[in-house]
Amino acid sequence: QEQLVQSGGGLVQAGGSLRLSCAASGRTFSRYPMGWFRQAPGKEREFVAAISRSGGGTYYGDSVKGRFTISRDNAGNTVYLQMNSLMPEDTAVYYCAVDQHYSVPYVPSRKSTDYDYWGQGTQVTVSS
């Protein structure tokens, strides 16, 4: 069973950058695609990005495409979310998650209910 521990996040001005990290404790990290989601107060959990097992495939939600970059380091059991050109509407709690029931060939799921293990969440606040 994977346990995910997130770090990063915080308060930043609009136009700034942040990087989130998600470290997995299990030895099977590289077997699974990973995703990032976010949830703002009063809203549903929203797909942000996903990455294939090897890291060769990356996928983004429309609202972050061109500004955010997902990457992974399988040797270090860590997935990252680099967030640039941040906007106030990016303010949310961000979560990483493991997709253990991925399709083959891989098509990333954008539904939070399809992911199996979650990080604890980290707050990102973007001031205008």
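Residues numbered from 1 in each chain as written. Predicted model: local features only at pLDDT ≥ 70, side-chain atom pairs only at ≥ 80, totals over all residues. Heavy atoms only, no water.

S.K.: Help me understand the overall build of the protein in this model?
M.R.: Scanning the protein from terminus to terminus reveals zero helices and 11 strands. Mapped in sequence order, the helices and strands of the protein form the string β-β-β-β-β-β-β-β-β-β-β. Relative to a compact globule of 128 residues, whose C-alpha radius of gyration would be 14 Å, the protein shows 14 Å and is just as compact. Summarising its shape, the C-alpha atoms of the protein cover approximately 40 × 25 × 25 Å along the three principal directions. Evaluated residue by residue, the protein yields a buried proportion of 45% over its 128 residues. A sequence separation of at least 24 residues applies to 59% of the contacts in the protein between residues at least 6 apart. Split by element, the accessible area of the protein, about 6,500 Å² in all, is 46% carbon and sulfur. Averaging the locations of the 12 positively and 10 negatively charged side chains of the protein gives two centres separated by 4 Å. (Helix = DSSP H or I, 4+ residues; strand = E, 2+ residues; numbered from the N terminus. Rg over C-alpha atoms; globule rule 2.2 N^0.38 Å. Buried < 20%, exposed > 50% of the residue type's maximum accessible area, 1.4 Å probe, protein only. Contact = heavy atoms within 4.5 Å. Areas by Shrake-Rupley, 256 points an atom, 1.4 Å probe, with all protein chains shown as cover. Lys, Arg positive; Asp, Glu negative; His and termini not counted. Charge placed at Lys NZ, Arg CZ, Asp CG, Glu CD.)

S.K.: Would you take a moment to explain the environment of Asp99 for this structure?
M.R.: Structurally, Asp99 is set in the loop between strand E9 (92–98) and strand E10 (117–118). Here Asp99 falls in the buried class, since its relative accessible area comes to 2%. Residues Asp99 and Met34 lie 65 residues apart in sequence; the distance between their C-alpha atoms is 5.8 Å. Residues contacting Asp99, with those up to four places away along its chain left out, are Tyr32, Pro33, Tyr106, Asp114, Tyr115 and Asp116.

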